[in-house]
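# Results of the structural survey
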There are 2 protein chains.
Amino acid sequence: MSETRALTFDVFGTVVDWRTSIAREGRAFGERHGIETDWVRFADDWRGLYQPSMTRVRDGERPWMPLDDLHRESLCTLLGRLGVTVGDGGVSDAAVDELNRAWHRLDPWPDVLEGLARLKRRYVLATLSNGNVALIVNMAKRAGLPWDAVLGAEVARSYKPRPEAYLTTAELLGLAPGECMMVAAHNYDLGAAGALGFRTAFVRRPGEHGPNQTADLRAEQDFDVVAESFIDLADSLGA
Amino acid sequence: MSETRALTFDVFGTVVDWRTSIAREGRAFGERHGIETDWVRFADDWRGLYQPSMTRVRDGERPWMPLDDLHRESLCTLLGRLGVTVGDGGVSDAAVDELNRAWHRLDPWPDVLEGLARLKRRYVLATLSNGNVALIVNMAKRAGLPWDAVLGAEVARSYKPRPEAYLTTAELLGLAPGECMMVAAHNYDLGAAGALGFRTAFVRRPGEHGPNQTADLRAEQDFDVVAESFIDLADSLGA
C-alpha cells in the first residue's frame, strides 16, 4: 500500500464556517443599504443555490464558469426576492461585487490553523474545492491558511463530484489517487473521491448548517479516518 | 493606474540556483553509479536542452507535456552521450527518475527567503514558471518558499513566453495583467509579460550561468523595477 503524500481539502464547511461569515457580511451590507432581512437565513438560501447552480455546468447545459460568477448570479436572484434593485439607482454593481466577495473572507473553524500547521510538516496540503483559485487564495491570505497548492475545480474546469476535479488535482500534484487523502465534512465528496482511489478522512462539522443540521452528522461509509477536528485529524495521522 | 496586487515569479534562475544544485545532485549520482564527468558542465548541458525541448511543444509539433517529462527526455539524451545505458543492466529507470527529480530539490539564492517573507505580507505571491505544479510544490516544500499559489505553464498548458501562460495565471488570480508584476532574471520573460500589460521587475542573477555568464547581466528594457536581490526588491516596493 502506497504512502499518503498529500492531503486534499474540501474548503466550504470543512475548513471555513461559511454560514456565520456570510451572515455577518450580509448584516453589514444590509445596514449600509437599509435592507432588513434574516441574514442567517439569507446565508442558508445563498448556499442553497450552490449545488443547483453547479449542476447546470456539471451537466454541460452551460459552459464552464468559475464559482465567483455562479455565486453572483445566485446573489442577484436572492436580492431580487428581497425587492432590491441592482444598478439604476438601486444598490450599485460595485456594492454587489463586494458582498459577493464575502466568500473570499470566510473564517476558519477554531481548530483549523493549529491542525494545518501540524499536518503541513508531514504532508503536501492542497485545496480540492469547488471555489475558484482567486477565491481560495484570497481566503487563505486573509485567514493564514498555509496551503502548498490551490487546485480543484477551476484548474480542472469541472465541479466536484465529477471525477475530473479529483483526478486533475492528483495529477497536477504528480501523485496517484492512492497517495492522496481527501479531507471533507461531506459524505458525498468523500464517496466520490474514495471511488477514484483516494484515501478519505471525514471531519465532523455538525454546526456547518446551524443548530438544526441533519445531514453529514456522521460518516456514512467506512472512511480511512473519522475525526472531530483538524487537531484530531493530525493526532490520527501522527502529525 | 491600478495597484499591484500579485507578484508572479519566474523560478529557475530567478528564485533558485539550478546550476549549483543540479551539479551537486549529478555528482552524487555519478559517485553512486561510477560515472565520471564534469557535473557542472552536465548541469549546463541539461539546462541547454530546456528551451529546445519546449519549443516543439510551443510550436504545436508535439502535444502538451509537463516539464518533468521534457527534463527526463533531455536527461536520457545526455546520459546516452556519456555512454550510460538506462535499464537492461545499466542504470535503473528508478535511479534516472530520482536524478530527474533533482529539479524538485533546487536551493534558493541566499536572499530569497527573507525577501519573500517581506513581500508576502503585502502581495499575493504566485509562481509563473515553466516548471510543472508538482515540481514547484515539492521544491517549495523542501526549501520553505511561501507561495500563495502555484500557477504558470502547466495550468495554462502553454509554455512561456507564449501569452497564455501569463494571461491564464492573471485570470486564475482574478486580476487584470496590470495588477500583476512579473519578477524574473531574464529579459525575454519580462519582455513577454510587459507586452501583455504586466508590470515588470528585473532581479539581476549574474551568477545563474556561472562566472562566465554573458546574457541577462542587465535590464535591457525600461522595466518598472530593477533589483539586485529579493531583499532589494522588497525595499523598492516598500514591503
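Only a predicted model underlies this, so the values are computations on that prediction, with no experimental measurement involved. (Residues numbered from 1 in each chain as written. Chains lettered and ligands numbered in written order. Predicted model: local features only at pLDDT ≥ 70, side-chain atom pairs only at ≥ 80, totals over all residues. Heavy atoms only, no water.)

Turning chain A through 180 degrees and shifting it by 0.0 Å along the axis lays it on chain B, with an RMSD of 0.0 Å. Such a combination of rotation and displacement between the chain copies is what one expects of a two-fold axis. (Least-squares fit on C-alpha atoms with pLDDT ≥ 70 in both.)

A few words on helix α6 (residues 112-122) of chain B. Residue and element names in this part refer to chain B. Three or more residues of α6 are buried, namely Val 112, Gly 115, Leu 116, Arg 118 and Leu 119. The arc that holds every buried residue of α6, seen down its axis, measures 165 degrees, which confines them to one face. Where α6 is buried, its residues contact β1 (6-9), β2 (124-129) and α11 (230-236). (Buried < 20%, exposed > 50% of the residue type's maximum accessible area, 1.4 Å probe, protein only. Helix = DSSP H or I, 4+ residues; strand = E, 2+ residues; numbered from the N terminus. Arc of directions from axis to C-beta. Contact = heavy atoms within 4.5 Å.)

The predicted model of chain A has a mean per-residue pLDDT of 97, with 100% of residues at 70 or higher. Here the complex is predicted with pTM 0.97, and the ipTM for its interfaces comes to 0.96. (pLDDT = per-residue confidence, 0-100.)

All names here are of chain B. At a minimum axis distance of 10 Å, the contact between helix α4 (residues 67-81) and helix α5 (residues 93-100) shows a crossing angle of 115 degrees. Here α4 runs over α5; the crossing is right-handed. On α5, the residues that touch Asp 68, His 71, Arg 72, Leu 75, Cys 76 and Leu 79 of α4 are Asp 93, Val 96, Asp 97, Leu 99 and Asn 100. (Axes fitted to C-alpha atoms, helices over the stretch in contact; angles between N-to-C directions. Left-handed = near helix turned anticlockwise from the far one by under 90°.)

Residues and elements named next belong to chain A. The strand order across the open sheet built from six strands is β3-β2-β1-β4-β5-β6, with neighbouring strands paired in parallel fashion. Bordering the open sheet on either side are β3 (149-152) and β6 (225-227), each of which pairs with just one other strand. In this sheet, neighbouring strand axes are inclined to one another by 25 degrees on average, regardless of whether the strands run parallel or antiparallel. Pairing analysis gives four bridges linking strand β4 (residues 180-184) to strand β5 (residues 199-203), with the strands arranged parallel. When the bridges of β5 are listed, Met 182 appears paired with Thr 200. (Pairing = 2+ DSSP bridges.)

For the rest of this paragraph, the subject is the interface of chain A and chain B. At the junction of the two partners, chain A supplies 21 residues and chain B supplies 21 residues. Of all residues in chain A, Val 137, Lys 141 and Leu 172 of chain A bury the most surface against chain B, accounting for 35% of the area lost on that side. Summed over the shared surface of chain A and chain B, the result is two salt bridges. Across the salt bridge formed by Lys 141 of chain A and Asp 148 of chain B, the nearest N and O atoms sit 2.6 Å from each other. (Buried area = accessible area lost by both parts, 1.4 Å probe. Salt bridge = Lys/Arg side-chain N within 4 Å of Asp/Glu carboxyl O.)

All names here are of chain A. Structurally, the position occupied by Gly 115 is in helix α6 (residues 112-122). By relative accessible area, which is 0% here, Gly 115 ends up buried. Spatially, the C-alpha atom of Gly 115 lies 21 Å from that of Asp 189, the residues being 74 residues apart in sequence. Those residues in contact with Gly 115 that lie beyond four places of it in its chain are Phe 230, Ile 231 and Ala 234.

This part covers the environment of Glu 208 of chain B. Residues and elements named next belong to chain B. Assignment of secondary structure puts Glu 208 in the loop between β5 (199-203) and β6 (225-227). In this structure Glu 208 comes out as buried when scored by relative accessible area, which is 2%. Put simply, Glu 208 and Lys 141 are 67 residues apart on the chain and 22 Å apart in space, counted from C-alpha to C-alpha. Setting aside its immediate chain neighbours within four residues, Glu 208 contacts Phe 12, Gly 13, Trp 18, Arg 19, Arg 47, Trp 109, His 186 and Gln 213.

A separate point is the sheet that holds strand β4 (residues 180-184) of chain B. Read from one edge of the open sheet, six strands run β3-β2-β1-β4-β5-β6 (chain B), paired in parallel fashion. Because the sheet does not close on itself, it has two edges, and the strands there are β3 (149-152) and β6 of chain B. Ignoring which end each strand starts from, the neighbouring axes of this sheet average 25 degrees apart. With respect to the sheet, helix α7 (residues 133-143) of chain A is in contact with β2 and β3 of chain B, its orientation differing from that of β2 of chain B by roughly 135 degrees. Contacting β4 and β5 of chain B, helix α10 (residues 187-195) of chain B runs over the sheet at an angle of about 165 degrees to β4 of chain B.

The next point concerns unusual backbone geometry. With the exception of glycine, the majority of residues adopt a negative phi angle, and the majority of peptide bonds are in the trans configuration. All names here are of chain A. Residue Pro 161 is reached from Lys 160 by a cis peptide bond, and omega for that bond is 5 degrees. You can see Pro 161 is positioned in the loop between α8 (153-156) and α9 (163-172). Unlike most non-glycine residues, Asp 88 shows phi in positive territory, near 50 degrees. Assignment of secondary structure puts Asp 88 in the loop between α4 (67-81) and α5 (93-100).

Our focus in this paragraph is the pairing of β4 of chain A. With respect to burial, β4 of chain A is a largely interior element, five of its five residues being buried. Because side chains alternate across β4 of chain A, one face comprises the buried residues Cys 180, Met 182 and Ala 184 of chain A, and the other comprises Met 181 and Val 183 of chain A, equally buried.

All names here are of chain A. Within the fold, Arg 205 resides in the loop between β5 and β6. When the C-alpha positions of Arg 205 and Asp 17 are compared, they lie 9.1 Å apart, and in sequence the two are 188 residues distant. In terms of polar contacts, Arg 205 uses its side chain to reach the backbone carbonyl oxygen of Thr 14, at 3.0 Å. (Polar contact = N/O pair within 3.5 Å; in protein donor to acceptor, adjacent residues only side chain to side chain.)

Before going further, it helps to spend a moment on the pairing of β3 of chain B. When a strand is regular, its side chains alternate between the sheet's two faces. Residue and element names in this part refer to chain B. Here β3 shows a buried face lined by Ala 149 and Leu 151 and a second buried face lined by Val 150 and Gly 152. Inspection of the sheet shows β2 paired to β3 by four bridges, in the parallel sense. Counted as the bridge partner of Ser 129 is Gly 152 from β3. With respect to chirality, the unit in which β2 leads through helix α7 (residues 133-143) into the neighbouring parallel β3 is right-handed. (Right-handed = clockwise from strand over helix to strand, strands pointing away.)

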